[in-house]
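Fold and geometry: a report
Residue-level listing of the chains:
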Amino acid sequence: MKNTIGNALTVTLFGESHGEAIGAVLDGLAPGIAVDMEYIRARLLQRRPYGAAATKRREPDEVEIISGVFNGRTSGTPLTLLIRNCDTKSEHYDQLRRLPRPAHADLTAYYKYGGYQDYRGGGHFSGRITAALVAAGAIVMKALLDKGICIGTHISCCHGVCDRQFADLAEDITALAKNAFPVLGGAEVKKAMEDEILAAAAEGDSVGGVLETAVINMPPGVGEPWFDTVEGMLAHSLFAIPAVKGVEFGAGFAYAGLKGSEANDGFAYEQGRIVTRSNNNGGVNGGITNGMPVIFRTVIKPTPSIYKEQQTVDLEKGCNASLTISGRHDPAIIHRARAVVDAVTALVLADLLTVRYGTDYLRGQDR
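Just so it is clear, the structure is predicted and the values come from calculations on it, not from any experiment.

1. Overview of the overall build of the chain
On a plain count of helices and strands, the chain comes out with eight helices and 18 strands. Compactness check: the chain gives a C-alpha radius of gyration of 21 Å against a globular reference of 21 Å for 367 residues, within 12% of the reference. Referenced to the eigenvectors of the C-alpha coordinate spread, the extents of the chain come out at roughly 70 × 50 × 40 Å. For the chain, with 367 residues in total, the buried portion stands at 50%. Sequence separation of 24 or more characterises 72% of the internal contacts of the chain that already satisfy a separation of 6 or more. For the chain, the exposed area adds up to about 16,900 Å²; of that, 53% sits on carbon and sulfur atoms. Put simply, the chain has 37 plus and 41 minus side-chain charges, and the middle of one group is 2 Å from the middle of the other.

2. Notes on empty space enclosed by the protein
Under the definition given, this model contains two cavities of 30 Å³ or more. The volume enclosed by the largest cavity comes to roughly 90 Å³. Residue composition of the lining of the largest cavity, by class: eight nonpolar, four polar and three charged. Considered as a void within the structure, the second largest cavity measures approximately 30 Å³ in volume. The element best represented in the lining of the second largest cavity is helix α1 (residues 37-47), accounting for three residues.

3. Points about the side chain of D265
Structurally, the position occupied by D265 is in the loop between α7 (260-263) and β12 (267-270). Buried within the structure, D265 lacks any salt-bridge partner; its nearest side chain of opposite charge belongs to R277, at an N-O separation of 10 Å. Looking at D265, its side chain comes within polar contact range of the main-chain nitrogen of N280, at 2.8 Å. Aside from chain neighbours lying at most four places away, what touches D265 is T276, S278, N279, N280 and N281.

4. So, the sheet that holds strand β3 (residues 21-27)
Overall, antiparallel pairing links the five strands, which are arranged β1-β2-β3-β7-β4 in an open sheet. Each having just a single partner strand, β1 (4-5) and β4 (63-67) make up the two edges of the open sheet. Here strand β2 (residues 10-15) runs beside β3; their pairing, made up of six bridges, is antiparallel. Each bridged residue has a counterpart across the sheet, and for V11 the counterpart in β3 is L26.

5. Some details on the nonpolar core
If you look at the biggest cluster of nonpolar residues, it comprises 76 residues, and the most contacted ones within it are L26, L29, L81 and L362. Looking at this core, the element that brings in the most residues is helix α8 (residues 334-357), giving 14 residues. When sequence neighbours within four positions are dropped, the list of residues in contact with L81 reads F14, I22, G23, A24, V63, E64, I65, A132, A135, A136 and I139. With nine residues, the next largest nonpolar core counts C150, L169, L176 and A214 among its residues.

6. So, the environment of A254
Mapped onto the secondary structure, A254 falls in the loop between β11 (244-249) and α7. Exposure remark for A254: the relative accessible area of 44% places this residue in the partly exposed category. Through-space distance from the C-alpha of A254 to that of N280 is 9.4 Å; in sequence the pair is 26 residues apart.

7. Brief notes about the pairing of strand β16 (residues 294-300)
Taking burial as the measure, the seven residues of β16 include six buried ones, the bulk of the element. Of the strand pairs in this sheet, strand β10 (residues 209-216) and β16 are connected by seven bridges, and their pairing is antiparallel. Paired with E212 across the two strands is R297, which belongs to β16. Bridging between β11 and β16 involves five bridges; their strand directions are antiparallel.

8. Things to note about the pattern of salt bridges
Evaluation of the coordinates by the stated rule reveals 18 salt bridges. R363 serves as the salt-bridge partner of D360, at 2.7 Å between the closest nitrogen and oxygen. Here D360 falls in the partly exposed class, since its relative accessible area comes to 29%. Overall, R363 belongs to the partly exposed group, its relative accessible area being 29%. Here the residues in one salt-bridge network are R47, E59, D61 and R128, joined through shared partners.

The rules behind the values
Residues numbered from 1 in each chain as written. Predicted model: local features only at pLDDT ≥ 70, side-chain atom pairs only at ≥ 80, totals over all residues. Heavy atoms only, no water. Helix = DSSP H or I, 4+ residues; strand = E, 2+ residues; numbered from the N terminus. Rg over C-alpha atoms; globule rule 2.2 N^0.38 Å. Buried < 20%, exposed > 50% of the residue type's maximum accessible area, 1.4 Å probe, protein only. Contact = heavy atoms within 4.5 Å. Areas by Shrake-Rupley, 256 points an atom, 1.4 Å probe, with all protein chains shown as cover. Lys, Arg positive; Asp, Glu negative; His and termini not counted. Charge placed at Lys NZ, Arg CZ, Asp CG, Glu CD. 1 Å grid on protein atoms, 1.4 Å probe; cavity = no way out; pocket = protein on both sides within 12 Å on 5 of 7 lines; lining within 4 Å. Points joined across faces, edges and corners; volume = space filled by probe spheres on them. Nonpolar A, V, L, I, M, F, W, Y, C, P; charged D, E, K, R; others polar. Salt bridge = Lys/Arg side-chain N within 4 Å of Asp/Glu carboxyl O. Polar contact = N/O pair within 3.5 Å; in protein donor to acceptor, adjacent residues only side chain to side chain. Pairing = 2+ DSSP bridges. Core = buried A, V, L, I, M, F, W, Y, C linked by side-chain atoms within 4.5 Å.

Put into structure tokens, the structure is as follows:
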């Protein structure tokens, strides 16, 4: 049962959607890192339901840190955080004991755990668990920010409505941190995307989209060749986020239509440092950061819990069946998922930096 990821800095997730609590354990943090509870709350706010059609489940998401922090700073021992579940309505999920939702993990959980899994609200497979991931990620994200390493994610497209591309990365990342609905193109783009989400909700349906993430000021030389590449470690963790079905770096699949002369990023000296004239490789060569911004995109599929009738099977009767769900579900999670992608990115990069420079790197000591 693999619920832990990381090498020098690890994170373990636990809990179920309708259990008493969810949480995470961070191990490998240097002692002395400031833990900013207001920053953690701000990141969790970005994950909260947003908009008229959002799920009516409203959790307070109050974080309790029960180990690993003393007088506001990490002590160097495993840091354990809890988030209590307070707004559960488990009766909405009674039928899912035997009628798995198409495209959800209900059936695969049944295969893996033999029917002993907690099916309420999706159990351990629920997007609810990502609240703990965001809280854990916020601790290291703030430490990275204090080192000048900034992470930001926007909705590149939502059901055919596209945002503008990143421009001034530092300015855009700062702006995204203040936006509940993370787009760069302003009110017109925001409204067009929200209209798509509302239209799907009115039909009992859902929509997905693409998130684009940028990381600036990552030092060059971080990452490993072959199996612990920057792309490999990020993709490994990003694919653990519920609803993620694709990840691409830099030009990604667009490389298929380019020639080498178009795709290669030429080098140049700029103010005493080596830069690339373009960034088709997304800041990574040979699995190792090259000092340019790390850029990648993540595909978020439509929420599988929809209110239309769907075809499924009855696990108890062993026959085909139809399913119409009830309960509280989002018609889109892409805007909420950006906080999760940011958190995962922070955790992976912090682990890679710790491997490269040692645990004291995040504390702010000289390398």
